[in-house]
Amino acid sequence: MAAAERIVIIGGGLTTARAVESLRDEGFDGEVVVATREDRPPYERPPLSKGYLLGTDDAASTIPLPRSWYDEHDVELRTGAEATALDVDAHVVTIDGEPVSYDRLLLATGARPRSFSGPGAGLTGVHTLRTLHDATHLRTALKPGGRRVAIMGAGWIGLEVAAAARSYGNEVTVIAPGAVPLASAVGPEVGAVFASLHAEHGVELRMGAGVSAVRGKGRVDGVILGTGEELDADLVVVGIGAVPNTELAASARLTVDDGIVTDDGFRTSAPDVFAAGDVANVRHPVLDRHLRVEHWANAQNQGQAVGRALAGAQVVYDEIPYFFTDQYDLGMEYSGYGPLADGASVVFRGDVAAREFMAFWVRERRVVAGMNVNVWDVNDAVQALIRADVPVDLTALGDPSVALESLIPA
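Source: prediction; values computed, not measured.

A few points about the overall build of the chain
Move 1: Counting its regular elements, the chain contains twelve helices and 26 strands.
Move 2: Relative to its length of 410 residues, the chain is compact, with a C-alpha radius of gyration of 22 Å against a globular reference of 22 Å.
Move 3: By its C-alpha atoms, the chain is 65 × 60 × 35 Å across when sized along the principal axes.
Move 4: Among the 410 residues that make up the chain, the fraction classed as buried is 54%.
Move 5: Contacts in the chain between residues far apart in sequence, at least 24 positions, make up 62% of those at least 6 positions apart.
Move 6: Of the roughly 17,100 Å² of accessible surface on the chain, a fraction of 48% belongs to carbon and sulfur atoms.
Move 7: Taking the 34 positively charged and 56 negatively charged side chains of the chain as two groups, their mean positions are separated by 5 Å.

Quick notes on the pattern of salt bridges
Move 1: Under the definition given, this model contains 25 salt bridges.
Move 2: Taking the shortest distance from any N to any O, the salt bridge between Glu 160 and Lys 50 comes out at 3.1 Å. On the criterion of sequence distance, the pair formed by Glu 160 in helix α6 (residues 156–167) and Lys 50 in the loop between α2 (46–49) and α3 (51–54) is long-range, its members being 110 residues apart.
Move 3: Assessed through its relative accessible area of 2%, Glu 160 is described here as buried.
Move 4: What makes Lys 50 buried here is its relative accessible area of 11%.
Move 5: A salt bridge links Arg 130 to Asp 278, with the nearest nitrogen and oxygen atoms 2.6 Å apart.

Topic: the sheet that holds strand β19 (residues 273–275)
Move 1: A sheet is described by the order of its strands in space; here five strands give the open sequence β3-β2-β1-β7-β19, paired in parallel fashion. Every other strand in the sheet has two partners, leaving β3 (75–79) and β19 as the edge strands with one partner each. Taken pair by pair, the neighbouring strands of this sheet meet at an average axis angle of 15 degrees, ignoring direction.
Move 2: Relative to β3, strand β2 (residues 31–36) runs parallel, the two being bridged by five bridges. Paired with Val 34 across the strands is Leu 77, a residue of β3.
Move 3: Its contacts with the sheet place helix α1 (residues 14–25) against β1 (6–10), β2, β3 and β7 (104–107), and it is angled at close to 165 degrees to β1.
Move 4: Its contacts with the sheet put helix α9 (residues 296–310) on β1, β7 and β19, and the angle it makes with β7 is roughly 165 degrees.

Looking at the packing of aromatic side chains
The geometry of an aromatic ring pair comes down to the distance between the two centres and the angle between the two planes.
Move 1: Within this structure, the stated rule accounts for eight aromatic pairs.
Move 2: An angle of 85 degrees between the planes, with centres 5.7 Å apart, marks the rings of Trp 156 and Phe 194 as edge-to-face. Highlighted residues: Trp 156 in helix α6 and Phe 194 in helix α7 (residues 183–200), separated in sequence by 38 residues. Just as Trp 156 is buried, Phe 194 falls in that class too.
Move 3: Taken together, a centroid distance of 4.6 Å and an interplanar angle of 45 degrees make the contact between Trp 156 and Phe 323 tilted. Placement of Trp 156 in helix α6 and of Phe 323 in strand β22 (residues 322–327) is noted, with a sequence separation of 167 residues between them.

A word on the side chain of Arg 24
Move 1: Here Arg 24 is to be found in helix α1.
Move 2: No salt bridge is formed by the buried Arg 24; its nearest oppositely charged neighbour, Asp 74, is found at 4.6 Å.

Concerning α9
The α-helix advances 3.6 residues per turn, and as a result positions three or four apart in sequence lie on the same side.
Move 1: With 15 residues, α9 should reach 21 Å at 1.5 Å per residue; the first-to-last C-alpha distance of 21 Å fits that figure.
Move 2: Taken as a whole, α9 has its buried residues at Ala 297, Asn 298, Ala 299, Gln 300, Gln 302, Gly 303, Ala 305, Val 306, Gly 307, Ala 309 and Leu 310.
Move 3: Looking one or two places after α9, you find Gly 312, whose phi comes out positive at around 110 degrees.

Quick look at the environment of Glu 31
Move 1: You can see Glu 31 is positioned in strand β2.
Move 2: In sequence terms Glu 31 and Val 8 are 23 residues apart; their C-alpha atoms lie 8.3 Å from each other.

Regarding the pairing of strand β16 (residues 235–238)
Move 1: Burial of β16 is two-sided: the residues Leu 235 and Val 237 facing one way and the residues Val 236 and Val 238 facing the other way are all buried.
Move 2: Judged from the two bridges that link them, strand β9 (residues 126–127) and β16 form a sheet pairing that is parallel. From the neighbouring strand, Val 126 faces β16, where its bridge partner is Val 236.
Move 3: Relative to β16, strand β10 (residues 148–152) runs parallel, the two sharing four bridges. Counted as the bridge partner of Val 149 is Leu 235 from β16.

Focus: the nonpolar core
Move 1: Core analysis: the biggest nonpolar cluster contains 51 residues, and Leu 86, Val 93, Leu 107 and Leu 254 have the highest contact counts within it.
Move 2: If we ignore the near neighbours within four places in the chain, the residues touching Leu 107 are Ile 10, Leu 86, Leu 248, Ala 249, Leu 254, Ile 260, Val 273, Phe 274, Ala 275, Ala 276 and Val 279.
Move 3: Grouped together as the second largest cluster of nonpolar side chains are 46 residues, Leu 138, Phe 323, Val 346 and Phe 357 included.

Examining the pairing of β7
For a regular strand, side chains alternate in direction, first toward one face of the sheet and then toward the other.
Move 1: Side chains of β7 alternate between two faces, with Arg 104 and Leu 106 and Leu 105 and Leu 107 buried alike.
Move 2: In this structure, β7 lies alongside β19, joined through three bridges in parallel fashion. When the sheet's bridge partners are listed, Leu 107 is paired in β19 with Ala 275.

Description of the packing of α1 against α9
Move 1: Direction vectors running N to C along α1 and α9 enclose 35 degrees, while the axes themselves pass 7 Å from each other. For the pair α1 and α9, the crossing hand works out as right-handed. Across from Leu 14, Thr 15, Arg 18, Ala 19, Ser 22 and Leu 23 in α1, the residues of α9 making contact are Trp 296, Ala 299, Gln 300, Gly 303, Gln 304, Val 306, Gly 307, Arg 308 and Leu 310.

Calculation criteria
- Residues numbered from 1 in each chain as written.
- Predicted model: local features only at pLDDT ≥ 70, side-chain atom pairs only at ≥ 80, totals over all residues.
- Heavy atoms only, no water.
- Helix = DSSP H or I, 4+ residues; strand = E, 2+ residues; numbered from the N terminus.
- Rg over C-alpha atoms; globule rule 2.2 N^0.38 Å.
- Buried < 20%, exposed > 50% of the residue type's maximum accessible area, 1.4 Å probe, protein only.
- Contact = heavy atoms within 4.5 Å.
- Areas by Shrake-Rupley, 256 points an atom, 1.4 Å probe, with all protein chains shown as cover.
- Lys, Arg positive; Asp, Glu negative; His and termini not counted.
- Charge placed at Lys NZ, Arg CZ, Asp CG, Glu CD.
- Salt bridge = Lys/Arg side-chain N within 4 Å of Asp/Glu carboxyl O.
- Pairing = 2+ DSSP bridges.
- Axes fitted to C-alpha atoms, helices over the stretch in contact; angles between N-to-C directions.
- Phe/Tyr/Trp six-rings, centres within 6.5 Å; stacked < 30°, edge-to-face > 60°.
- Expected span 1.5 Å × (residues − 1).
- Core = buried A, V, L, I, M, F, W, Y, C linked by side-chain atoms within 4.5 Å.
- Left-handed = near helix turned anticlockwise from the far one by under 90°.

Written as structure tokens, this is what we have:
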């Protein structure tokens, strides 16, 4: 690599941290500039709805590479800096009004919470959760306990916040349009497991419902459902999904479709511009379709892979998406291809009632996704089954006495 080359990375999440680390590990010795809007080095976001929100992790634990690492590895880290314009023809990105030239550029701009658009959205006491600042404010609001908390949305964020809120002794109501929590993520059978988990821990689930307005004068004092029913609430958490931050890419006329569209090596429609992480809609060679994934492992693995690509390596990204959650005494890992799992049949192994089980999503007797709940050291086998892409004996798949490894072809 020529020492005169410059790589610029825009973003403040785990993808950025792993990309710049991978760049240096690959031996790239040119200039590296990292720009993030937040006032701290790039950090991980999953702890914000888990350990940090629960008070068991501190802010420092969310930062994979301390500021000193950037100095020691000759990386120019610009915090509190915003990229406002991109000229892909001139290979220039504008950061805080300053044009910065690049040889290669990575857009790892992440996503932002989807906003509630109804009346009362701007009242004090309405929270979203994406940044460390958000998590700190929400933890401060929840920690005294004795509050009435209304949560819009029964996805992963909504349920993790519900678990944290209950741990502090708050009254919690989860409101969502689906029949069960996580219906779009894991389907009705597994979603029912999470419904019973939260109900047993005192969460009131209002499924098949929606919020039409947040009630209050200056500050939240309740929510109004679509039916007209009113529920009292001291604070409201909006967890209704995320929107990829594609504005910079769109302004430069990169191809954008539910994220910045890339090939399987993270290359966008513009020469020398790459995208990865929550914002990227990456072609997956196994699925032969584009896939945008917002989970921790995706940021971790794509960051490492795109760092190699930026350093000049030929990269084909084919990782199986992976996700984990911790709620109350339930720990779960999920691996698989969501688009293929949608509508697939589910095979259970273990004790579902005791919440010590595995679930496999199967199409044409092939495992396309798998989940382990309070069952550990099996994820490698689950991923191997998915990668094998061969018909399996469904009776054996559901039998805990049969080793998963025996179902994987040699």
